[in-house]
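Spelled out, the chains give:
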Amino acid sequence: MLTSDISTASAQRTAGRGASRPLPLDDIADGGRTYSRAMRELDHLVLAGPHLPTLVADFERLTGVRPAPGGRHSGLGTANHLVGLGGAAYLELIGPDPDGDEPERPRPFGIDALTEATLVTWAIRPIEFDERIATARSGDYEPGSVRSMSRRTADGDLLRWRLTVPDDGHGLVPFLIDWGSTPHPASGGLPEVALTSLSATHPSPSDVLRALDVLGADLEVVPGTRAGLRAVVHGLYGPVVLS
């Protein structure tokens, strides 16, 4: 979902100042825990939707920031827009490619089954990509097979990267990504919003926390009736919730 915290936003406008001030990426906290390591390694969050133009328009309406065109994923039937989150992290808004053909296989992130915007997963960028995978496997966690991917940017440049493809079914445990020698998407002067928190819910948090620990990732996971991620960014009128 993509929603604005109207009560908080109204209070901020009335007060004339940000009561929910954006925090530096190395000082983000939620529920008493600080996500310094998670934010240092955070590469991007993935916000998916069934209709990319609507997703982009809704994000701009709520935050006052227009996501920049990213590019098209050849053979996958998807395209994306990007927004910086501060530092070397960004938000990917992804959906069916409006100008592309129907792919031969289902689109990634369960996009074909979505009926609304959903924060589907997140990625971390460890300095030692292959070593982190080996360490996770030695700790009895399988981060997934490694896949090489690429896409053309809106300017025609070719980006290449490697990533893991986990099979956890809920996206709470991040996938790993390695950009190699390709310039990072957040290095190109993206429009920005401030990420103020990142957390998750799950019926059995201990199961997820163990996987996070073995992988070397840090995320607040609390009991809930469903598995899901929740991020808050600081929009033009106050907090905007991505879930």
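In this text, all values refer to a predicted model and were calculated from it rather than measured experimentally.

### Considering the packing of aromatic side chains
A full pass over the atoms with the stated rule returns 1 aromatic pair. Where Trp161 meets Trp179, the ring centres are 5.2 Å apart and the plane angle is 45°; that geometry is what we call tilted. Here Trp161, found in strand S10 (residues 158-165), pairs with Trp179, found in the loop between strand S11 (175-178) and strand S12 (194-202); they are 18 residues apart in sequence, far enough to count as distant.

### Overview of the sheet that holds strand S7 (residues 89-96)
Reading around the barrel, the 8 strands line up as S4-S7-S6-S5-S9-S10-S11-S8 and close back on themselves, with mixed pairing between neighbours. This sheet shows a mean twist of 35° between the axes of neighbouring strands, independent of strand direction. Pairing analysis gives 5 bridges linking strand S4 (residues 42-48) to S7, with the strands arranged parallel. In the sheet register, Ala48 faces S7, and the bridge partner there is Ile94.

### A look at the nonpolar core
Judged by nonpolar contacts, the single largest core of 44 residues is most densely connected at Leu2, Leu45, Leu47, Leu91, Trp122 and Leu242. Aside from chain neighbours lying at most four places away, what touches Leu91 is Leu45, Leu47, Phe59, His81, Leu82, Val83, Leu85 and Leu242.

### Some thoughts on the layout of surface pockets
Volume-wise, the largest pocket comes out at about 710 Å³. In this structure, the largest pocket is lined by 32 residues; those nearest its centre are Pro108, Phe109, Thr121, Val165 and Phe175. It is S10 that provides the largest number of residues to the lining of the largest pocket, a total of 4 residues. Approximately 290 Å³ is the volume found for the second largest pocket. Forming the boundary of the second largest pocket are 17 residues, of which Thr153, Leu159, Pro185, Gly188 and Leu190 lie nearest the centre. Of all the secondary-structure elements, those providing two or more residues to the lining of the second largest pocket are strand S5 (68-73) and strand S9 (145-153). For the lining of the second largest pocket, the element with the highest residue contribution is S5, accounting for 3 residues. Among the residues forming the lining of the second largest pocket, the class breakdown is 8 nonpolar, 6 polar and 3 charged.

### Observations regarding the sheet that holds strand S1 (residues 2-4)
The strand order across the open sheet built from 5 strands is S1-S15-S14-S12-S13, with neighbouring strands paired in mixed fashion. With one partner strand each, in any of the chains shown, S1 and strand S13 (220-223) form the two edges of the open sheet. On average, each strand axis in the sheet is tilted by 25° relative to the strand beside it, whichever way the strands run. Here S1 runs beside strand S15 (residues 238-242); their pairing, made up of 3 bridges, is antiparallel. Directly across from Thr3, in S15, lies its bridge partner Val241. This element, helix H3 (residues 52-63), spans S1, strand S14 (228-235) and S15 of the sheet and lies at about 15° to S1.

### Overview of unusual backbone geometry
Backbone geometry at Phe109 places phi at a positive 65°, although glycine is not the residue there. Within the secondary structure, Phe109 sits in the loop between S7 and strand S8 (118-124). Residue classification places Phe109 among the partly exposed residues on the basis of a relative accessible area of 32%. With a phi close to 70°, Asp140 is a non-glycine residue in the positive phi region. For Asp140, the location among the structural elements is in the loop between helix H4 (129-138) and S9.

### Quick look at the pattern of salt bridges
Tallied over the full model, the rule gives 10 salt bridges. Put simply, Arg132 and Glu41 hold a salt bridge, and the shortest N to O gap is 2.7 Å. Of this pair, Arg132 sits in helix H4 while Glu41 is found in helix H2 (residues 36-41), placing the two residues 91 residues apart along the sequence. Taking the relative accessible area as the measure of exposure, Arg132 reaches 14% and is therefore buried. One salt bridge connects Glu142 with Arg137, and the closest N-O pair in it is separated by 3.2 Å. Shared partners join several salt bridges into a network, and the residues in it are Glu102, Arg107 and Asp112.

Analysis parameters
- Residues numbered from 1 in each chain as written.
- Predicted model: local features only at pLDDT ≥ 70, side-chain atom pairs only at ≥ 80, totals over all residues.
- Heavy atoms only, no water.
- Phe/Tyr/Trp six-rings, centres within 6.5 Å; stacked < 30°, edge-to-face > 60°.
- Helix = DSSP H or I, 4+ residues; strand = E, 2+ residues; numbered from the N terminus.
- Pairing = 2+ DSSP bridges.
- Axes fitted to C-alpha atoms, helices over the stretch in contact; angles between N-to-C directions.
- Core = buried A, V, L, I, M, F, W, Y, C linked by side-chain atoms within 4.5 Å.
- Buried < 20%, exposed > 50% of the residue type's maximum accessible area, 1.4 Å probe, protein only.
- Contact = heavy atoms within 4.5 Å.
- 1 Å grid on protein atoms, 1.4 Å probe; cavity = no way out; pocket = protein on both sides within 12 Å on 5 of 7 lines; lining within 4 Å.
- Points joined across faces, edges and corners; volume = space filled by probe spheres on them.
- Nonpolar A, V, L, I, M, F, W, Y, C, P; charged D, E, K, R; others polar.
- Salt bridge = Lys/Arg side-chain N within 4 Å of Asp/Glu carboxyl O.

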